[in-house]
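Single-letter residue listing:
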Amino acid sequence: MENDYIPTIWSPGIRKADGPVYLAIADALSADILSGRLVAGARLPPQRALAEALKIDFTTVSRAYAEAGRRGLVEGRVGQGTYVKSKRLDVNNSVPSGLVDMSMNLPPRFDNPGLVARMWDGIGKLESTGGIDLLMRYQEAGGAGRDRESGARWLSSRLEDVTPERVVICPGAQGALVAVLGVLAAPGDTICVEALTYPGFRSVASHLRIELATVPIDDDGIIPEAFEKICAESKPKALYCNPTLQNPTTASLSLSRRHALVEIARRYQVPIIEDDAYGALPVDPIPPLAALAPELVYHIAGLAKCIAPALRIAYLVVPDGRAAARLNGAVRATASMASPLTAAIASRWIDDGTAEAVVAAIRQETAARQLIATGILPQEFIRADPEGFHIWLTMTPAWTRGEFASRLRSAGIGVVASDAFALASPPEAVRLGLGAPETRDELSQSLRIIADLLNQSPAFSSLVV
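Since this is a predicted model, take the numbers as computed values, not measurements.

1. Here's the deal with the sheet that holds strand E9 (residues 272-275)
Now for step 1: Spatially, E3-E11-E10-E9-E8-E4-E5 is the arrangement adopted by the 7 strands of the open sheet, whose pairing is mixed. Taken across any chain shown, the strands that pair with only one partner, and hence form the sheet edges, are strand E3 (167-170) and strand E5 (211-215). Going across the sheet, the axis of each strand differs from the next one's by a mean of 25°, ignoring polarity.
Now for step 2: With 3 bridges connecting them, strand E4 (residues 190-194) and strand E8 (residues 238-241) associate as parallel partners. Counterpart to Ile191 in the pairing with E8 is Ala238.
Now for step 3: Across the sheet, helix H10 (residues 224-234) touches E4, E5 and E8, and the angle it forms with E5 is around 140°.

See the structure below:
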């Protein structure tokens, strides 16, 4: 069954000052398809309806749809409208094999059979320690005491004063975000976010009907003075930020900027939601915001990026016992509880040292992959951190982000255009995840195709004949 068009489903986020409007619409369409906002078979708005909604002329929308068709993104059906094109495998197509979807930001696979065996061995040993109750009984919403103790121990190298009473076990970082936003904000309230921010947070805020205020950023991250200006004018309910190995820009806030942010937050009594997804990766980390202002910060430390994506557990550190009680209630209302079995696996790996060994292996593989990437991609167009496993790639003047991502997709490589992260004025850039390729050779092959395409002109690399 086709996904019939509903007027509120899709409207491209564009500005008329960003260049030809028809190209901006085609780029936004490409980005939303890549991010999953638009699925295969979805019907697009009628051209005249979209023109009226955007207050532009009909011929501009017509050119945009034609450009999207040229890129292989949409197809017109006589008497029915325009639809997102379904992916079909063409055995006669010359798409290279062995390439990967680098749109997913996964920790890289490490080649250490002994460590992998140790991980599985720890899971097997849960039978003797957890017994049947681990499988057949509910636990309290915020996690069992022993799991909160393990979580506090895991975080102690970065948050020295954290206690189990301040730790809430959540079903992944996304579950933690849902719980925290449900406690701190109501529909119609405003949350501050970085100008380029995690798409998952945007989705939660949209679902909860929370408004987002964009805080400008520069090469060093969020700008404290811009945050203070919004605090003075809008009285936001919270600031959400990703201060370490920021997704997507890879920037890590300096200690001085962290101090500046928490001082502003204290002055205006604005809580901070600190998404520390990558905080365990740096060997010598900058102190988290929660270490500088524990009374204000809700610190989310997920395990998916630093240990294993399948480990859908996040440790949420809250300011005090009262906040813990409220967050326990939010977890109970939205998810009942985090999986006791998954929480027990995390605790086992933390307690016996397996988790730290996995982080070390991920660090080693990440460093190797960053060396490969920085050796292949042109230095003047990339932003990267040797301790992170994603790269922010800016476009040459010849390319738009949407056309570049679309052309890579035709070669079997998925990347994420900046539209997925930007609330307004997306820059001409894409994010590359270095962890998705199974091997370093596969990564090298994909990166060479990306580098070659970046150095070509769109007309030269066109597949249209």
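2. Things to note about the state of the cysteines
Now for step 1: Under the counting rule described, the total for this entry stands at 0 disulfides.
Now for step 2: This cysteine, Cys241, is not joined by any disulfide, and Cys192 carries the nearest cysteine sulfur, 10 Å off.
Now for step 3: Residue Cys241 is classed as buried on the basis of its relative accessible area of 0%.

3. Side note on the packing of aromatic side chains
Now for step 1: Applying the stated criterion across every chain, the model contains 4 aromatic pairs.
Now for step 2: Ring geometry for Phe201 against Tyr240: centres 3.9 Å apart, planes inclined by 5°, an arrangement best described as stacked. One end of the pair, Phe201, is in helix H9 (residues 199-207); the other, Tyr240, is in strand E8, and 39 residues separate them in sequence.
Now for step 3: On the basis of relative accessibility, which here comes to 0%, the residue Phe201 falls in the buried class.
Now for step 4: Residue Tyr240 is classed as buried on the basis of its relative accessible area of 0%.
Now for step 5: The interplanar angle of 70° and the centroid separation of 5.8 Å between the aromatic rings of Tyr278 and Phe389 together place this pair among those described as edge-to-face. A residue pair is termed long-range when its members are at least 10 positions apart, and Tyr278 in the loop between E9 and helix H12 (289-292) and Phe389 in the loop between strand E12 (382-383) and strand E13 (390-394) qualify at 111 residues.
Now for step 6: Over the ring of Phe58 we find Arg48, and its NZ or CZ is 4.5 Å from the ring centre.
Now for step 7: Here the guanidinium or amino end of Arg63 rests over the ring plane of Tyr22, the centre of that ring lying 3.8 Å away.

4. Considerations on unusual backbone geometry
Now for step 1: Residue Pro248 is bonded to the preceding Asn247 through a cis peptide linkage, with omega at 20°.
Now for step 2: Along the chain, Pro248 falls in the loop between E8 and helix H11 (255-268).
Now for step 3: The backbone phi angle of Arg209 is positive, close to 60°, even though this residue is not glycine.
Now for step 4: Take Arg209: it is sitting in the loop between H9 and E5.
Now for step 5: Unusually for a residue other than glycine, Leu245 sits at a positive phi of about 50°.
Now for step 6: Owing to a relative accessible area of 2%, Leu245 belongs among the buried residues under this scheme.

Thresholds applied
Residues numbered from 1 in each chain as written. Predicted model: local features only at pLDDT ≥ 70, side-chain atom pairs only at ≥ 80, totals over all residues. Heavy atoms only, no water. Pairing = 2+ DSSP bridges. Helix = DSSP H or I, 4+ residues; strand = E, 2+ residues; numbered from the N terminus. Axes fitted to C-alpha atoms, helices over the stretch in contact; angles between N-to-C directions. Contact = heavy atoms within 4.5 Å. Disulfide = S-S within 2.5 Å. Buried < 20%, exposed > 50% of the residue type's maximum accessible area, 1.4 Å probe, protein only. Phe/Tyr/Trp six-rings, centres within 6.5 Å; stacked < 30°, edge-to-face > 60°. Lys NZ or Arg CZ within 6 Å of the ring centre and 35° of its normal.

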